[in-house]
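Breakdown of the fold
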Amino acid sequence: MKFENVLADINGFGRFQIMIIVISFIGRFTLPCHFMLNNFIAAVPSHHCDISSLDDVGIFMNLSQTERLLVTIPVQQDGTPSSCQMFQEPQYHLLFNTSHITDTRKVPCQNGWVYDNTTFKSTLTSEWDLVCDRRGKNKATATIFFVGVMFGAMAFGSLSDRYGRRIMLLISYVSGMVFAVASAFSTSYVMFMVLRFLTGFCITGIVIVSAVLSVEWVDIEHRKIVGVIDSLSWTFGNTVFSLIAYFVNDWRRLIISVTLPLILAIFTWRWMPESARWLIANGKLEQAQMYLKNCANMNRTEESIHTLEIETLSTIVTTEKRDRTYSYLDLIRTPEMRKLALRTGILWFCVATTFYGISFKITGFGLNIYLTQFTYALIELPAKLAVLYLLEKIGRRHTIVGTLLMAAICLGINIVIPKEMSVATTVVAIIGKGFSSASFATLVLYSSELYPTVVRQNGMGYNSFMARFGVAVAPMILLLDEVWTELPQVIFCFVAVLGGIVARTLSETRNRCLPETIEDIEQKQ
């Protein structure tokens, strides 16, 4: 007997399932905000060397601010003051002849920097001077968060398969909120980095646990709808986040603002059920029966409650021992599971690297960064609605292969478009973001359907680890623009193509029952 037969009797997509989706939606709102947070809290405002120490030096104190900058700060090719250099001594002759600067000695900023506070009141960059030769430290603030997410995914994936989905979801809510709020009160760069790592470690449990819980409670017909709705929570979060960031331009207050919704998530957790699939797979049949009866009552299928007997539920999983503890090693013990883990791991790395490689680049298009972020978020809506149609018509595999290859084409087009054509590059980048978003929406559902129940959280934890590894690498890849401006785009394009090739080797899961045991995977092949 399959669990899908039980769901069919008590309605696999009724009010009970809608309640789970709504609760998950609330909890997941804060995730995209934190994942995109560095676009704003680590933004680099216009800046130049601090020349205030020269205020009491002779004639300098009588000059206007424009004249002071002219005689102390070199001008770049685009006509703007240099961000990282200053003249060793004031060049007063430039007040009369701005072209005579060839033999003037330039030195790095000696007394820090002055930042333009027009757009941002305060950022990590201005707080700890993460510019010029410290630019790498700025990008590292994003990387360390995703390294935390990477290891957190492994931890929560394993713990959720061992102790249950529901309790680990609560732990993720509470610990993620505590560390996130604490990071807003950091007094040093090192303290902030440690707390951001812990925030990423804890908050990732929300996405991998809630995604699996939603899929495990719905029937085959509605799995694609649930997967897309879960993905739309990211779209909603990203869209609202751009508005929050616009009105909250202090990095400390912004972190607190996007974290507070977790209070509501913690309050609604009391109504979140445990996964009946997990309970049955682990021999906890009485608890599974209780939740299934609650589902039947809420879905108004009370007439089917008599079919939810312990003896009936005990026949759902009979091919493997229920008292066995599963671990990540079970992903590589058998040949077909090894192939599945290798392919999905590479695919998650490629999809995440492509998606965040595009998402982290919100400057350089000639648009306001808030507008770019808002547009990037808004394009996800039609992209994910299209996924809902494509999943049914052409299946999971063809959808993810097609969207990845289209994202690669967009990245390739932007390599050859002249940067002076800012409108064209922006439009192509937004379209590429839409395709990469569609591939991510498909992947979460696809992967949860590929792995068996007994190791599904371990599988999702491993996949999330690989994805966050890709996300952690993305900011470092963006630094390669110092070697060649288009090198990051070339790398992201190649990664997207690789992902499409790997996705082509996976099996289709459309209209198929979820595998319950590892034997199901081995026998299917």
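Residues numbered from 1 in each chain as written. Predicted model: local features only at pLDDT ≥ 70, side-chain atom pairs only at ≥ 80, totals over all residues. Heavy atoms only, no water.

**A word on the overall build of the protein**
Scanning the protein for helices and strands turns up 23 helices and four strands. Against the 2.2 N^0.38 benchmark of 24 Å for 525 residues, the protein shows a C-alpha radius of gyration of 26 Å, consistent with a compact globule. Across its three principal axes, the protein shows a C-alpha extent of roughly 95 × 45 × 40 Å. Within the protein, the proportion of its 525 residues that are buried is 56%. (Helix = DSSP H or I, 4+ residues; strand = E, 2+ residues; numbered from the N terminus. Rg over C-alpha atoms; globule rule 2.2 N^0.38 Å. Buried < 20%, exposed > 50% of the residue type's maximum accessible area, 1.4 Å probe, protein only.)

**Here we look at the state of the cysteines**
Per the counting criterion, the structure on display carries two disulfides. The disulfide bridge from Cys49 ends at Cys109, spanning 1.8 Å between sulfur atoms. Classification of the bridge connecting Cys49 and Cys109 rests on its S-S torsion, roughly -70 degrees, and on that basis the disulfide is left-handed. One end of the pair, Cys49, is in strand 1 (residues 47–49); the other, Cys109, is in the loop between strand 3 (106–108) and strand 4 (113–115), with 60 residues separating them in the sequence. (Disulfide = S-S within 2.5 Å.)

**Brief notes about the packing of helix 19 (residues 395–416) against helix 22 (residues 487–503)**
Each pair of packed helices can be summarised by the angle the axes make with each other and by the distance between the axes. Their axes nearest at 8 Å, the elements helix 19 and helix 22 cross at an angle of 160 degrees. Taken together, the axis directions place helix 19 and helix 22 in an arrangement best described as roughly antiparallel. As for the relative orientation of helix 19 and helix 22, their crossing is left-handed in sense. For the pair helix 19 and helix 22, the contacting residues are Arg397, Ile400, Val401, Leu404, Leu405, Ala408, Leu411, Gly412, Asn414 and Ile415 in the first and Gln489, Val490, Phe492, Cys493, Ala496, Val497, Gly499, Gly500 and Ala503 in the second. Grouping the constituent residues of the contact of helix 19 with helix 22 by class yields 13 nonpolar, five polar and one charged. (Axes fitted to C-alpha atoms, helices over the stretch in contact; angles between N-to-C directions. Parallel < 35°, antiparallel > 145°, perpendicular 65-115°, else oblique. Left-handed = near helix turned anticlockwise from the far one by under 90°. Contact = heavy atoms within 4.5 Å. Nonpolar A, V, L, I, M, F, W, Y, C, P; charged D, E, K, R; others polar.)

**Description of the domain arrangement of the protein**
When cut into domains, the protein gives domain 1 (1–31 + 132–323), domain 2 (47–115) and domain 3 (329–524). Measuring from the centre of the C-alpha atoms in domain 1 to the corresponding centre in domain 2 gives 54 Å. (Domains from an automatic or database assignment.)

**Re the nonpolar core**
By size, the foremost hydrophobic cluster in this structure holds 121 residues, and its most contacted members are Trp217, Leu254 and Tyr356. Counting the residues that make up this core, at least three belong to each of domain 1 (1–31 + 132–323) and domain 3 (329–524). Setting aside residues no more than four positions away along its own chain, Leu254 makes contact with Leu37, Phe40, Ile41, Phe241, Ile244, Ala245 and Val248. (Core = buried A, V, L, I, M, F, W, Y, C linked by side-chain atoms within 4.5 Å.)

**Concerning the environment of Asp219**
Here Asp219 lies in the loop between helix 9 (189–216) and helix 10 (223–247). Between the alpha carbons of Asp219 and Gly12 there is a distance of 4.6 Å; along the sequence they are 207 residues apart. With residues up to four places along the chain from it excluded, the contact list for Asp219 reads Leu7, Gly12 and Phe13.

**Some remarks on the pattern of salt bridges**
Opposite charge on two side chains permits them to pair, given that their charged atoms come into close proximity. A full pass over the atoms with the stated rule returns 13 salt bridges. With its nearest N and O atoms 2.7 Å apart, the salt bridge here joins Asp161 to Arg165. A single salt-bridge network, built from bridges that share partners, covers Asp161, Arg165, Glu216 and Arg456. (Salt bridge = Lys/Arg side-chain N within 4 Å of Asp/Glu carboxyl O.)

**Describing helix 21 (residues 456–478)**
With 23 residues, helix 21 should reach 33 Å at 1.5 Å per residue; the first-to-last C-alpha distance of 33 Å fits that figure. Across the 23 residues of helix 21, 19 count as buried, placing the element largely inside the fold. (Expected span 1.5 Å × (residues − 1).)

**Examining the packing of helix 20 (residues 422–450) against helix 21**
Two elements in contact, helix 20 and helix 21, have axes whose closest approach is 10 Å; the angle formed by their N-to-C orientations is 150 degrees. As the angle between them shows, helix 20 and helix 21 are arranged roughly antiparallel. Residue-level contacts link Phe440, Val444, Ser447 and Ser448 of helix 20 to Arg456, Met460, Asn463 and Arg468 of helix 21.

**As for the side chain of Thr353**
Here Thr353 lies in helix 16 (residues 335–359). At 2.6 Å, the side chain of Thr353 and the backbone oxygen of Phe349 are in polar contact. Each residue touching Thr353, except ones within four places of it in the same chain, is listed here: Gly470, Ala474, Ile477, Phe492 and Val495. (Polar contact = N/O pair within 3.5 Å; in protein donor to acceptor, adjacent residues only side chain to side chain.)

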